[in-house]
Amino acid sequence: MKVLVVGGGGREHALVWKLAQGPRVKKIYAAPGNAGIAQQAECVPISAGDVEGLFAFAKEQGIDLTFVGPEDALVKGIVDRFEAENLRIFGPRAAAARLEGSKTFAKDLMRKYEIPTAEYQTFTDYDNAMAFVWELDTPCVVKADGLAAGKGVIVADNDSEAMAAVKEIMLNRAFGDAGDKVVVEERLAGQEVSVLAFTDGRTVVPLLAAQDHKQVFDGDKGPNTGGMGAYCPAPIYTPELAQTVVPKILEATVTAMAAEGCPYCGVLYAGLMITEKGPQVLEFNVRFGDPEAQPLLAMLETDLVDIAEAVIDGRLNEIEIRWKPGAAVCVVMAAGGYPGSYAKGKPIEGIEAAAAGGDVVVFHAGTRLDGDRVVTSGGRVLGVTAVGEDIPSAIGKAYEAVGKIHFEDMYYRKDIGHKAVGES
Ligand code: AMP
Ligand code: GLY
């Protein structure tokens, strides 16, 4: 079987690593891939958002299964394009990918089907949005409707921050057309947890709950990033919580999408806030999280090809999804300065030594080959991922491995996973 993985970050390295363990997989291509992915897959220089380029490649090579990492191509309709020519691909069609591609679509769906989420209003008119923020007497969150590379959400502490955000999005067009509409919503308080599920549009199988670390500095300080580390399973996600989240959020959303005529297939990511009133949806993503995918795929026992095929064929109810015992932790090693500006091209030492222990995988995110040397080429450079018998043991192994890796100006958080052991 020939498999194509779309993307070139840490999540996609984890996907390639996991897919490569499938007994039926003979060859993996990655578009565009990175230096770590290149050890297990043939990297092809097609960008992850180039739907036509990816389609032409898959058709020409006779790819049997395509796995899409990032959201961009899904929102643009890569699944519709592939399916129209009978190419097998894992992920939601464009109409279903609106759950991530349009915040107003997601919010309106949740309102209609009573899926718990923050109160909100949407605006296409700048003056109305400003007046609403002015009249609100609670802290709010301002969100650009469309895709904004994870930057279109501003959690405001006061009216003037919220108004500045509305201005930035709607008037200054900081995110282009993604700012044609804004959502202004109630600001929720609590701990965040990411609950992902595989679904074929009917059956919903939740993955282990994961927790991301979005802020750049220890203690959740500083600006948001794509994610500085993650772990699973998250102890905050108790069995009691699952009893609410699975039927009232995950299954309810899949049922709602089918009722709306846009059935959802693939992996559905619910970003939740655990509030005093119970779990509430902050956002949906239509793909694996990055870096949540790294610890989740490290813990997944079942062959990912079997899962993907069951999802595509609508028989997810027939397979059993198993997990390794214990826990996994991923520590992201970033280039100093990230998420602001940072240097590229720094040689990386010690990756092999770090991975020598057996329970550790060093997933590459922003790396490339310079001759035969691996050098940095992005803000998030590596995702050092360890499996242990519990979270403290996985934390210990991950940081021991991190200690063996070096590149100039490297930076990483020292407290990944600590929330799970009550140290934060
Ligand atoms: P989103 O892309 O919608 O997940 O937003 C990114 C981040 O903004 C989330 O992970 C939360 O940390 C924060 N956020 C989003 N919506 C809210 C909200 N209603 N209340 C508080 N924080 C929020
Ligand atoms: N780590 C958050 C995301 O992938 O959206």
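Residues numbered from 1 in each chain as written. Chains lettered and ligands numbered in written order. Predicted model: local features only at pLDDT ≥ 70, side-chain atom pairs only at ≥ 80, totals over all residues. Heavy atoms only, no water.

**Description of the sheet that holds strand β11 (residues 204–206)**
- Overall, antiparallel pairing links the four strands, which are arranged β11-β10-β16-β17 in an open sheet. With partners counted over all chains shown, the strands left at the sheet margins are β11 and β17 (278–285), one partner each. Adjacent strand axes in the sheet meet at a mean angle of 35 degrees, parallel and antiparallel pairs treated alike.
- Sheet topology note: the strand β10 (residues 191–199)/β11 ladder contains three bridges and is antiparallel. For Thr-199, the partnering residue across the bridge sits in β11 and is Val-204. (Pairing = 2+ DSSP bridges. Helix = DSSP H or I, 4+ residues; strand = E, 2+ residues; numbered from the N terminus. Axes fitted to C-alpha atoms, helices over the stretch in contact; angles between N-to-C directions.)

**Digging into the packing of aromatic side chains**
- This structure, assessed with the given rule, holds ten aromatic pairs.
- Ring geometry for Tyr-338 versus Tyr-342: centroids 6.3 Å apart, planes at 65 degrees, classification edge-to-face.
- Owing to a relative accessible area of 15%, Tyr-338 belongs among the buried residues under this scheme.
- Taking relative accessible area as the criterion, Tyr-342 reaches 29% and is therefore assigned partly exposed.
- An aromatic cluster is built from Phe-67, Phe-90, Phe-198 and Phe-288, whose rings are joined through pairwise contacts.
- Residue placement shows Arg-81 over the ring face of Phe-55; its charged tip is 3.9 Å from the ring centre.
- Looking at Lys-414, its charged tip hangs above the ring of Tyr-412, at a distance of 4.5 Å from the centre. (Phe/Tyr/Trp six-rings, centres within 6.5 Å; stacked < 30°, edge-to-face > 60°. Buried < 20%, exposed > 50% of the residue type's maximum accessible area, 1.4 Å probe, protein only. Lys NZ or Arg CZ within 6 Å of the ring centre and 35° of its normal.)

**Observations regarding the packing of helix α5 (residues 94–101) against helix α6 (residues 103–112)**
- At a closest axis distance of 6 Å, the pairing of α5 and α6 adopts a crossing angle of 95 degrees. In terms of orientation, α5 and α6 fall into the roughly perpendicular class. Counting all contacts with α5, which are made through Ala-95, Arg-98, Leu-99 and Gly-101, the residues of α6 involved are Lys-103, Phe-105, Ala-106 and Leu-109.
- Split into classes, the residues belonging to the contact of α5 with α6 amount to five nonpolar, one polar and two charged. (Parallel < 35°, antiparallel > 145°, perpendicular 65-115°, else oblique. Contact = heavy atoms within 4.5 Å. Nonpolar A, V, L, I, M, F, W, Y, C, P; charged D, E, K, R; others polar.)

**Considering helix α11 (residues 304–313)**
- Among the ten residues that make up α11, seven are buried, leaving the element largely enclosed by the rest of the structure.
- Considered for burial, the residues of α11 that qualify are Leu-304, Val-305, Ile-307, Ala-308, Glu-309, Ala-310 and Val-311.
- For α11, the elements touching its buried residues are α1 (10–19), β4 (65–68), β5 (89–90), β10, β16 (266–275) and α10 (293–299).
- The N-capping residue of α11, defined by a side-chain oxygen 3.1 Å from the backbone nitrogen of Val-305, is Asp-303.
- The positive-phi residue at the C-terminal boundary of α11 is Gly-314, with phi of around 70 degrees. (Polar contact = N/O pair within 3.5 Å; in protein donor to acceptor, adjacent residues only side chain to side chain.)

**Here we look at the site of ligand 2**
- Surveying the vicinity of ligand 2 reveals the residues Asp-212, Gly-226, Tyr-269, Asn-285, Arg-287, Gly-289, Asp-290, Pro-291 and Glu-292.
- Separating a nitrogen atom of ligand 2 from a side-chain N or O atom of Asp-212 is a distance of 2.8 Å.
- Asn-285 is positioned with one of its side-chain polar atoms (N or O) 3.2 Å from an oxygen atom of ligand 2.
- Contact with the protein chains hides 89% of the accessible area of ligand 2, taken as 200 Å² for the molecule alone. (Near = heavy atom within 4 Å. Areas by Shrake-Rupley, 256 points an atom, 1.4 Å probe, with all protein chains shown as cover.)

**Some thoughts on the nonpolar core**
- If you look at the biggest cluster of nonpolar residues, it comprises 84 residues, and the most contacted ones within it are Ile-78, Leu-99, Tyr-237, Leu-272, Val-329, Leu-382 and Ile-405.
- Take this core: its biggest share by element is ten residues, from helix α9 (residues 239–259).
- Setting aside chain neighbours within four positions, we find Val-329 in contact with Ala-230, Tyr-231, Pro-295, Val-384, Thr-385, Ala-386, Ile-391, Ala-394, Ile-395, Ala-398 and Ile-416.
- Residues Val-16, Ala-30, Phe-67 and Ala-310 belong to the second largest nonpolar core, which totals 43 residues. (Core = buried A, V, L, I, M, F, W, Y, C linked by side-chain atoms within 4.5 Å.)

**Observations regarding the side chain of Asn-285**
- Looking at the secondary structure, you find Asn-285 in strand β17.
- Side-chain polar atoms of Asn-285 contact the side chain of Glu-283, separated by 3.5 Å.
- Those residues within four positions of Asn-285 in sequence are excluded, and the remaining contacts are Glu-100, Tyr-264, Val-267, Leu-268 and Tyr-269.

**Some words on the environment of Ala-401**
- By the secondary structure assignment, Ala-401 is in helix α13 (residues 391–402).
- Residue class for Ala-401 comes out buried when judged on its relative accessible area of 1%.
- C-alpha separation for the pair Ala-401 and Ala-20, spaced 381 residues apart in sequence, amounts to 23 Å.
- In contact with Ala-401, other than residues within four places in its own chain, are Ala-354, Val-360 and Val-384.

**A few points about the sheet that holds strand β2 (residues 27–32)**
- In space, the five strands of this open sheet follow the order β3-β2-β1-β4-β5, with parallel pairing throughout. Both outer strands of the open sheet, β3 (42–43) and β5, are each paired with one neighbouring strand and no more.
- Pairing of β2 with β3 involves two bridges; the strand directions are parallel. When the bridges of β3 are listed, Tyr-29 appears paired with Glu-42.

By themselves, these are just geometric observations and shouldn't be taken as functional.
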